[in-house]
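Coordinates in review
Read off the chains here:
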Amino acid sequence: MEGETIPASLDHLGVQAPDCAVPDFGAFFEANVDRARSIAWRLVGGNDAAAEDVVQDAFVKAYKSLHKFRGDAKLESWFFRIVVNEAHNHRRWRKVREAFGSVDAEEAAEPAPRKASDSLARERIEAALGELSGKQRDVFVLVHMEGFTVREAAGILSSAEGTVKHHLHRALGKLRASLANVREEILA
Amino acid sequence: MTRRDGHEPLEGADRELVEQMKAAYRPEPLTPNRRAALRLEIEERAQRAPWRLRGPLLGLATAGVAATLAFALVPGDSSGPSQPEGAVAVARAETELDWVGEVFGPDELGDDEIEDALPDEYTLIAMYFLDEE
């Protein structure tokens with residue numbers, strides 16, 4: 001990149017050091033990009049390009065809004081909340097574009113699968129996840145697929161822990177039923 | 001029951017199902033080149049500060065959607081539809097507005113979730129606009 005790059009330190013933003021120190025943007029990016037991308041990918045329906053758009057938007061928004069971070073939550077939780085919200089925004093606007101028939105072929109296309117069985121399994125899982133409500137999908141992805149605790153997921157989603165558990169329970173029940181007949185395909 | 005470390009324990013078939021899903025439904029890892037490119041794109045966007053334009057653009061887009069909806073709702077005959085025509089227009093408008101409910105409605109929720117959906121929706125909207133400042 002020509003010209004200025006993002007300064008290594010965030011001190012110039014006047015940010016109070018949060019509980020978890022943020023040494024520099026590069027380290028923050030490297031520490032969180034994989035998980036952010038995985039969350040986004042699983043929330044936007046397994047589309048690589050869409051997931052990267054969400055991740056980009058989230059990092060830029062986090063960088064711009066860092067001065068608003070109050071330090072009363074973990075920085076990572078705050079950032080992943082932005083990722084989840086950006087994924088929500090993406091899903092909403094995608095529906096709008098679909099309604100107007102303006103989702104282009106590249107965006108609609110699924111990324112090339114590694115093998116046919118992967119594609120089939122992914123389609124089945126995506127269909128099953130698609131039957132969940134937005135919140136059920138959020139909590140299932142965060143807790144069971146991404147390994148957050150219920151408390152962390154509640155923080156990310158600004159929900160009560162009991163609400164998260166409720167959605168989690170219902171999500172698992174629905175997925176158990178949806179995927180009951182296709183588990184052999186997933187295993188293949 | 002939640003474990004002491006805060007994780008939700010899964011047993012037997014449920015644990016197996018989730019492990020299978022995690023293995024089958026995950027993105028390909030970022031290649032080093034793509035990773036570097038992604039970081040560069042983010043840095044460039046952060047430096048460009050396009051967000052100042054986003055507020056007005058969002059306003060224009062909202063106005064466009066509102067105008068489209070208004071156009072869809074106005075009956076074609078300016079002299080006013082007769083009773084049957086009015087009924088048809090209403091039915092058509094309801095059909096055309098189905099997608100609006102899908103998008104801006106209670107976020108793909110089941111009936112049992114609507115009651116706790118509204119506050120979160122407001123939270124999301126508030127956060128979205130506050131982040132634009």
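Residues numbered from 1 in each chain as written. Chains lettered and ligands numbered in written order. Predicted model: local features only at pLDDT ≥ 70, side-chain atom pairs only at ≥ 80, totals over all residues. Heavy atoms only, no water.

What to know about the overall build of chain B
From N to C terminus, chain B includes six helices and zero strands. Its helices and strands taken in sequence order, chain B reads α-α-α-α-α-α from the N to the C terminus. For chain B, the exposed area adds up to about 8,900 Å²; of that, 62% sits on carbon and sulfur atoms. (Helix = DSSP H or I, 4+ residues; strand = E, 2+ residues; numbered from the N terminus. Areas by Shrake-Rupley, 256 points an atom, 1.4 Å probe, with all protein chains shown as cover.)

Some details on the packing of helix α3 (residues 75-99) of chain A against helix α7 (residues 150-157) of chain A
Residues and elements named next belong to chain A. Where α3 meets α7, the axes come as close as 8 Å, and the angle between the chain directions of the two elements is 60°. Overall, the two elements α3 and α7 adopt an arrangement that is oblique. For the crossing formed where α3 meets α7, the hand is right-handed. For the pair α3 and α7, the contacting residues are S77, F80, R81 and V84 in the first and G155, I156 and L157 in the second. When grouped by side-chain class, the residues that make up the contact of α3 with α7 number four nonpolar, two polar and one charged. (Axes fitted to C-alpha atoms, helices over the stretch in contact; angles between N-to-C directions. Parallel < 35°, antiparallel > 145°, perpendicular 65-115°, else oblique. Left-handed = near helix turned anticlockwise from the far one by under 90°. Contact = heavy atoms within 4.5 Å. Nonpolar A, V, L, I, M, F, W, Y, C, P; charged D, E, K, R; others polar.)

Focus on the confidence of the model for chain B
All names here are of chain B. When the pLDDT values of chain B are averaged, the result is 68; 42% of them are 70 or greater. Contacts of residues 106-116 to residues separated by more than four positions or lying in other chains number 22 contacts, the stretch itself having pLDDT below 50. Scored as a whole, the predicted complex attains pTM 0.66, and scored at its interfaces, ipTM 0.77. (pLDDT = per-residue confidence, 0-100.)

What to know about the nonpolar core
One recurring pattern in soluble globular proteins: nonpolar side chains tend to sit buried together. Ranked by internal contacts, the top residues of the largest apolar core, which has 62 residues, are F59, F79, V83 and F140 of chain A together with M21 of chain B. Beyond its immediate stretch of four places on either side in the chain, M21 of chain B contacts I125, L129, F140, M145, L175 and L179 of chain A. (Core = buried A, V, L, I, M, F, W, Y, C linked by side-chain atoms within 4.5 Å. Buried < 20%, exposed > 50% of the residue type's maximum accessible area, 1.4 Å probe, protein only.)

Some thoughts on the environment of A153 of chain A
Residues and elements named next belong to chain A. By secondary structure assignment, the location of A153 is in helix α7. When the C-alpha positions of A153 and R81 are compared, they lie 9.0 Å apart, and in sequence the two are 72 residues distant. Look past the residues within four positions of A153 in its chain and what remains in contact with it is L142, V143, F148 and V164.

What about the side chain of R35 of chain B?
Along the chain, the position of R35 of chain B falls in helix α2 (residues 32-48). When neighbours within four sequence positions are excluded, R35 of chain B is seen to be in contact with F29, E30, V33 and D34 of chain A together with L30 of chain B.

Quick word on the packing of aromatic side chains
Residue and element names in this part refer to chain A. On inspection of all chains with the given rule, the structure shows 10 aromatic pairs over all chains. Ring centres 6.1 Å apart and planes at 75° place the aromatic pair F25 and F59 in the edge-to-face group. One end of the pair, F25, is in helix α1 (residues 25-43); the other, F59, is in helix α2 (residues 48-65), with 34 residues separating them in the sequence. Assessed through its relative accessible area of 4%, F25 is described here as buried. Ring plane angle 85° and centroid distance 5.6 Å describe the contact between F25 and Y63, whose orientation is recorded as edge-to-face. With F25 in helix α1 and Y63 in helix α2, this residue pair connects regions lying 38 residues apart in the sequence. Accessibility assignment for this pair places F25 and Y63 in one class, buried. (Phe/Tyr/Trp six-rings, centres within 6.5 Å; stacked < 30°, edge-to-face > 60°.)

Topic: the pattern of salt bridges
One pass over the structure, following the stated rule, counts 15 salt bridges over all chains. D34 of chain A is the partner of R35 of chain B in a salt bridge, and the nearest nitrogen-oxygen pair spans 2.9 Å. In this pair, R35 of chain B is assigned in helix α2 and D34 of chain A in helix α1, connecting two distinct chains. Using a relative accessible area of 17% as the deciding quantity, one classes R35 of chain B as buried. Residue class for D34 of chain A comes out partly exposed when judged on its relative accessible area of 40%. Between R34 of chain B and E52 of chain A there is a salt bridge, with its nearest N and O atoms 2.5 Å apart. A residue pair is termed interchain when its members come from two chains, as with R34 of chain B in helix α2 and E52 of chain A in helix α2. Residues joined by salt bridges that share partners form a network here, namely E30 and D34 of chain A together with R35, R39 and E43 of chain B. (Salt bridge = Lys/Arg side-chain N within 4 Å of Asp/Glu carboxyl O.)

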